[in-house]
Amino acid sequence: MKLYGMLDSPFVRRVAISLASQQIDFELIQLSVFSTFNEFSKVNPVVKAPTLLLDDGTYLMDSTLILQYLEHQQKLSFFALSAQGYQLLGLILALAEKAVQYVYETQLRAEELQNPTWKKRVLLQAEKACQAIEQQIQGYPFNSKDQVCISLAIVWTFIQKKLKGLISQESYPSITQLQQQMEQTEIFQRYAYPQA
């Protein structure tokens, strides 16, 4: 199996770390949906990261669908979650989407074309997600293979790298503590967020 995408994407990093945490063999091929668009389109014509290319040539996309497929095919337990765990994971993935939307709006669109109302709303949605996560993550059992822990740590790192100063670490100590614990693990360091 080959995983295509860059580790600065929270969704690509989520798949890489999740697979590694279950000791699934795969090759990470870091292609950008921007700078290597044409090369990426030869693997997946939609050019969506992450893309997982199976040995039979089938390509899968969307981090959750990739993990669900592998869980079913290989009898794994990526999503052995309680109702609370699923609620948290939904909040975390919504936070990831809002963070990526904000980055795209502010870093890929010319400043004079940016929509201030949209930016404000996306940031508000991100903050509301953070508030709900912070409240619910307290007392959640730490497990380095758990999708809530993996996904939250990855998304929080992405936010601190790409939305610097917009969402404060100090305001969310439980999220930050979990992220710091996860980032110190061997698998997180093996698939680290790229240095600037």
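What comes next is a walk through the structure. No experiment lies behind these values; they were computed from the predicted model shown.

Core analysis: the biggest nonpolar cluster contains 62 residues, and Leu19, Leu52, Ile133 and Ile137 have the highest contact counts within it. Taken together, the elements giving at least two residues each to this core come down to helix H1 (10-21), helix H3 (63-74), helix H4 (83-107), helix H5 (116-137), helix H6 (147-162), helix H7 (173-183) and helix H8 (186-190). Among the elements that line this core, the one with the most residues is H4, at eleven residues. Apart from the residues within four sequence positions on either side, Ile133 is in contact with Leu88, Leu91, Ile92, Leu95, Leu152 and Ile175. The next biggest cluster of nonpolar side chains, apart from the first, holds eight residues, and it includes Tyr4, Ile29, Val33 and Leu53.

Another aspect to go through is H6. In this model H6 runs 22 Å from its N-terminal to its C-terminal C-alpha over 16 residues, within 8% of the 22 Å that 1.5 Å per residue would give. The element H6 is largely enclosed, with a buried count of 14 among its 16 residues. Two to three positions downstream of the cap, the backbone nitrogen of Val148 sits 2.8 Å from a side-chain oxygen, assigning the N-cap of H6 to Asp146.

Attention now moves to the environment of Ser144. You can see Ser144 is positioned in the loop between H5 and H6. Along the primary structure Ser144 and Gln181 are separated by 37 residues, whereas in three dimensions their C-alpha atoms are 8.8 Å apart. Those residues within four positions of Ser144 in sequence are excluded, and the remaining contacts are Ile150 and Met182.

Attention now goes to the environment of Ile17. By secondary structure assignment, the location of Ile17 is in helix H1. Along the backbone, Ile17 and Leu81 are 64 residues apart, and their C-alpha atoms lie at a distance of 18 Å. Those residues within four positions of Ile17 in sequence are excluded, and the remaining contacts are Ile150, Ile154, Ile187, Phe188 and Tyr191.

Reported here for the largest pocket is a volume of approximately 690 Å³. What lines the largest pocket is a set of 27 residues, and nearest its centre among them are Ser9, Val33, Ala49, Val100 and Tyr104. Put simply, the parts of the chain that give the lining of the largest pocket at least two residues each are H1, H3, H4 and H6. Looking at the lining of the largest pocket, the element that brings in the most residues is H4, giving six residues. Tallied by class, the residues present in the lining of the largest pocket amount to 15 nonpolar, six polar and six charged.

Right, let's get into H3. Across its twelve residues, H3 extends 16 Å between first and last C-alpha, which sits within 8% of the 16 Å expected from 1.5 Å per residue. Of the positions making up H3, those classed as buried are Ser63, Thr64, Ile66, Leu67, Leu70 and Glu71. Looking straight down H3, one finds its buried side chains confined to an arc of 160°; they lie on one side. Buried positions along H3 lie against H1, strand S3 (51-53), strand S4 (59-61), H4 and H6. Of the residues that open H3, the one with a side-chain oxygen 3.1 Å from the backbone nitrogen of Thr64 is Asp62. Phi for Lys75, located one or two positions after H3, is positive at around 55°.

Taken together, four strands build an open sheet; the order of strands is S2-S1-S3-S4 and the sheet is mixed. Two strands bound the open sheet, and with one partner strand each, they are strand S2 (27-29) and S4. Between one strand axis and the next, the sheet turns through 25° on average, direction left out of account. As paired elements, strand S1 (residues 2-4) and S2 share three bridges and run parallel to each other.

Relative to each other, H1 and H3 sit at 20°, their axes nearing to 9 Å. The orientation of H1 relative to H3 falls into the category roughly parallel. Where H1 crosses over H3, the two elements pack in a sense that is right-handed. Contact residues: Phe11, Arg14, Val15, Ser18 and Leu19 in H1; Ser63, Thr64, Ile66, Leu67 and Leu70 in H3. For the contact of H1 with H3, a count of residues per class yields six nonpolar, three polar and one charged.

The rules we used
Residues numbered from 1 in each chain as written. Predicted model: local features only at pLDDT ≥ 70, side-chain atom pairs only at ≥ 80, totals over all residues. Heavy atoms only, no water. Core = buried A, V, L, I, M, F, W, Y, C linked by side-chain atoms within 4.5 Å. Buried < 20%, exposed > 50% of the residue type's maximum accessible area, 1.4 Å probe, protein only. Helix = DSSP H or I, 4+ residues; strand = E, 2+ residues; numbered from the N terminus. Contact = heavy atoms within 4.5 Å. Expected span 1.5 Å × (residues − 1). Polar contact = N/O pair within 3.5 Å; in protein donor to acceptor, adjacent residues only side chain to side chain. 1 Å grid on protein atoms, 1.4 Å probe; cavity = no way out; pocket = protein on both sides within 12 Å on 5 of 7 lines; lining within 4 Å. Points joined across faces, edges and corners; volume = space filled by probe spheres on them. Nonpolar A, V, L, I, M, F, W, Y, C, P; charged D, E, K, R; others polar. Arc of directions from axis to C-beta. Pairing = 2+ DSSP bridges. Axes fitted to C-alpha atoms, helices over the stretch in contact; angles between N-to-C directions. Parallel < 35°, antiparallel > 145°, perpendicular 65-115°, else oblique. Left-handed = near helix turned anticlockwise from the far one by under 90°.

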